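Report on the structure
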Amino acid sequence: MDEADGIILITLKDLGCEIEENETIKDFDSEMVYKCILAYLRVINEQKVINLTNTLPKNMSARVNTCSLIANIIKDSGYRSELSYHNLLYPNVNDIRRIFIFLGQLLPKKEVESGGVNIQKLEDQICQYLQGCVKESWIPYFCPFSKRIPGNYSTATLFTTTGGNLRIPSRGRQLKVTPGLEQYYSDYLEPLTLQTNRFEDIAPSVFEYNLSIYAEAQERDNEWNNKGASSGMNPIEYRKNKQKQVLSKMNDSIRQSIIDGGNNQISSNCNSGDSFLDIISEFRGNSLDVGGQFNRKKAFTNELNINDNTTNTTAKVETEIETEEQRQLKRQAEIDALQSQIDEISESIQLHNKEMMDFLSLMRQSESENLEQDQQREVLEKQYKIKKKTFSLLDDAEGNMKELQSLCNQTSSNLLEMSGEWEKVRKPIIEKYRSLKDKQNNQADETKSKLDRIKEMRALIKKLVSEVQQKDEQFQQLQDQYKQAPKDSNRSQYTRRILETVKNIKKQKVDIDKVLLDTKNLQKEINTITDTTVRTFELVKDLLYNDAKKDQTAKQAIKSFAIIDDKFQKLFKTIDETGNFQNNILNLNSKIEHVSQKTNTLNSDRVVQDLKNIKSENQSLIKQIKTLMETKN
């Protein structure tokens, strides 16, 4: 661990921590641990510790809060061992070493500088600039609020010479279908550099064109996957069917708009006065007036000028005589007269509108009556023709009846012959129809099953693609972590330490194997001894029972033998219990050593002193609260 501690001390000195020459990690107190961890975190992520002070606060509660905040920051960075504020306030050598090693792995790699240019900072600036360009909304370059920089393609747009989209020569079926298109591309179409008004818009125009083509293709694929595949048609038929539907909808909407426009025109022509179409025609200059709007405006200005010249002389005299009250009265009278004229005109317009509505309702009623009369007339004409034919046949009723009977017999015989022939023709047609129908149903089931399989395959492909992307991201993260890992430490030291640990492990393994062999041998000996004792016990017991029948001393020997056996069983139990107790003692000693290693740097006096400080702070706070409550009361 001395070599690892040396590496940690070197990195801490590089980070700017003031460490003495003979000082080690074991000599670090809570203040020094706080400064070192803060130096690590400022290099890793300065935003998280920007509000923390350089030293621990004197107040105990504030110390606990700051140490718990730092512990949470380290846990969020990926530290998996147990960590809390007490590990920083009462530092342990093993825990502090583990924290320093973890934070050292998170340190960024040294930035490569070439020619005085910081590559990492340059990449960060490029990423920030591109992110800003993506988030920026489009504003035309001629807008006064635009902050467009030359070459900033996120705000550029397509400005062609003709006001349309970018034109790029196409190939394939369109050249064969459209006559003269190839000649247009070769002779008349301008190159890309001349289709835009400004040179800076060439690149964004091409990007926009490619993006629009890609978006259209993606929309077509999505529509085909969602709707077209289930329609039972191929893509070309589906596209033609969709085009027909769109054209039919357009024709219906145009036809409806024409009908609505015609009705509006009829109703507007019936209105008295100037209609809306007359106003539009006057605005366009298509009315009966040959002079047009410009001539009317010119004539109006001339009349105004003449009237102004004639009334200038009289106005000068009248203005001298009239007072302000008279002017206001005249204006009010003129306004009242105009208002009365407007009311009369509006009333007349309303009357005309009512008359027009009544007239339209009468016209509709008359049209409906005419339709009913036409239908009645057609029905009466049919009835008249039938009755006329029947009356003409009444003159020779018997002959006509015979002719009708002969015709009925002939038609019935013809029908029977036709039905027989039809049956001959119908059977193969019906069989063929049924076979084709069954075949079509089978094909529909097959296509449905294939579509289901295709959907499943697409879902599986999407799942695999997402998994591949996740694995690529994980690979990139691991690669970045590997690049950011410190590579300045001496590799030979680590390899030598690894080899030493491997040797120690091998030696320990050999010792463990020896101990296991010894235990096995001991177990075998114990088993053999127990077997011999059991056999000897049974043999002695049998001999004593045989002699007890003849000799009195043998009976006393049996009693003493039973007592000896009982004592030996108790002895075996005590030996087993002592062995278990020794094992428990060893386990407890190992646990005590482990706990002592964790708490070897924990100063109980310091903990007691901190507890007293916290209690005193709590009492002072209670006093302050009481004083505040008294002042409020």
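Residues numbered from 1 in each chain as written. Predicted model: local features only at pLDDT ≥ 70, side-chain atom pairs only at ≥ 80, totals over all residues. Heavy atoms only, no water.

A tally of helices and strands in the chain yields 18 helices and 2 strands. Of the contacts made within the chain by residues no fewer than 6 positions apart, 50% connect residues no fewer than 24 positions apart. (Helix = DSSP H or I, 4+ residues; strand = E, 2+ residues; numbered from the N terminus. Contact = heavy atoms within 4.5 Å.)

On to the packing of aromatic side chains, then. Scanning the model with the defined rule gives 5 aromatic pairs in all. Ring geometry for Trp-224 against Tyr-238: centres 5.9 Å apart, planes inclined by 65 degrees, an arrangement best described as edge-to-face. Of the two residues, Trp-224 is situated in helix α10 (residues 202-228) and Tyr-238 in helix α11 (residues 235-270); the sequence distance between them amounts to 14 residues. Using a relative accessible area of 22% as the deciding quantity, one classes Trp-224 as partly exposed. Here the aromatic residues Phe-28, Tyr-40 and Phe-100 are joined through ring pairs into a cluster of three or more. (Phe/Tyr/Trp six-rings, centres within 6.5 Å; stacked < 30°, edge-to-face > 60°. Buried < 20%, exposed > 50% of the residue type's maximum accessible area, 1.4 Å probe, protein only.)

This part covers the side chain of Glu-23. Structurally, Glu-23 is set in the loop between α1 (2-15) and α2 (30-44). Among buried charged residues, Glu-23 stands out as having no salt bridge; its nearest opposite-charge side chain is Lys-13, 8.6 Å away. A polar side-chain atom of Glu-23 sits 3.3 Å from the main-chain amide nitrogen of Glu-20. Once you skip the residues sitting within four places of it in the chain, Glu-23 turns out to touch Leu-9 and Phe-28. (Lys, Arg positive; Asp, Glu negative; His and termini not counted. Salt bridge = Lys/Arg side-chain N within 4 Å of Asp/Glu carboxyl O. Polar contact = N/O pair within 3.5 Å; in protein donor to acceptor, adjacent residues only side chain to side chain.)

Attention shifts here to the nonpolar core. Among soluble globular proteins, nonpolar side chains are generally buried collectively. Counting 36 residues, the largest nonpolar core has Leu-12, Phe-28, Ile-37, Ile-74 and Phe-100 as the members making the most contacts within it. Of all the elements in the fold, those that place two or more residues in this core are α1, α2, α3 (60-76), α4 (85-89) and α5 (93-106). Of the residues forming this core, the biggest block, 9 residues, is contributed by α2. Ignoring sequence-local partners within four residues, the contact set of Ile-37 consists of Ile-70, Ile-74, Leu-88, Ile-99, Phe-100 and Leu-103. (Core = buried A, V, L, I, M, F, W, Y, C linked by side-chain atoms within 4.5 Å.)

It is worth spelling out the environment of Leu-52 at this point. Along the chain, Leu-52 falls in the loop between α2 and α3. Under the relative-accessibility criterion, Leu-52 is labelled buried at 13%. Remark: the alpha-carbon pair of Leu-52 and Leu-69, spanning 17 residues in sequence, is separated by 9.6 Å. Apart from the residues within four sequence positions on either side, Leu-52 is in contact with Tyr-34, Leu-38, Arg-42, Leu-69 and Ile-70.

Mean pLDDT over the chain: 77, with 79% of residues reaching 70 or higher. With pLDDT under 50 throughout, residues 144-163 is counted as low confidence; its partners more than four residues away or in other chains account for 48 contacts. Under a pLDDT of 50 for its full length, residues 265-294 has, in the predicted model, 16 contacts with residues more than four places off or in other chains. (pLDDT = per-residue confidence, 0-100.)

With their axes 9 Å apart at the nearest point, α2 and α5 run at an angle of 15 degrees to one another. Relative to α5, the element α2 lies roughly parallel. Crossing geometry of α2 relative to α5 is assigned as left-handed. Along the contact surface, α2 presents Val-33, Cys-36, Ile-37, Tyr-40, Leu-41 and Ile-44, while α5 presents Ile-96, Ile-99, Phe-100, Leu-103, Gly-104 and Leu-106. Here the residues of the contact of α2 with α5 are counted per class, giving 11 nonpolar, 1 polar and no charged. (Axes fitted to C-alpha atoms, helices over the stretch in contact; angles between N-to-C directions. Parallel < 35°, antiparallel > 145°, perpendicular 65-115°, else oblique. Left-handed = near helix turned anticlockwise from the far one by under 90°. Nonpolar A, V, L, I, M, F, W, Y, C, P; charged D, E, K, R; others polar.)

Looking now at the pattern of salt bridges. As enumerated under the stated definition, the model contains 5 salt bridges in all. Taking the shortest distance from any N to any O, the salt bridge between Asp-95 and Arg-98 comes out at 3.0 Å. Pair noted here: Asp-95 and Arg-98 are both in helix α5, with a separation of 3 residues, about one helical turn. Judged by relative accessible area, which is 15%, Asp-95 ranks as buried. Residue classification places Arg-98 among the partly exposed residues on the basis of a relative accessible area of 37%. Between Glu-381 and Arg-377 there is a salt bridge whose closest N-O contact spans 3.0 Å.

The grouping of Val-246, Leu-247, Met-250, Ile-254 and Ile-258 at the surface amounts to a nonpolar patch, some 470 Å² of accessible area in total. Here Ile-254 shows up in helix α11. (Patch = residues over 30% accessible without salt bridge, like charges linked within 9 Å, V, L, I, M, F, W, Y side chains within 5 Å. Areas by Shrake-Rupley, 256 points an atom, 1.4 Å probe, with all protein chains shown as cover.)

One pass over the structure, following the stated rule, counts 0 disulfides. Unpaired in this structure, Cys-17 has its nearest cysteine sulfur neighbour in Cys-36, at a distance of 4.1 Å. Judged by its relative accessible area of 0%, Cys-36 is buried. (Disulfide = S-S within 2.5 Å.)

Here the focus is the packing of α2 against α3. For the pair α2 and α3, interaxial distance at closest approach is 12 Å and the crossing angle is 40 degrees. Between α2 and α3, the crossing angle belongs to the class labelled oblique. For the element pair α2 and α3, the recorded crossing hand is left-handed. From α2, Glu-31, Tyr-34, Ile-37 and Leu-41 reach across to α3, where they touch Arg-63, Ile-70, Ile-73 and Ile-74.

Within the secondary structure, Asn-87 is located in helix α4. In this structure Asn-87 comes out as buried when scored by relative accessible area, which is 10%. Side chain to side chain, Asn-87 and Asp-95 meet in a polar contact 3.3 Å long.

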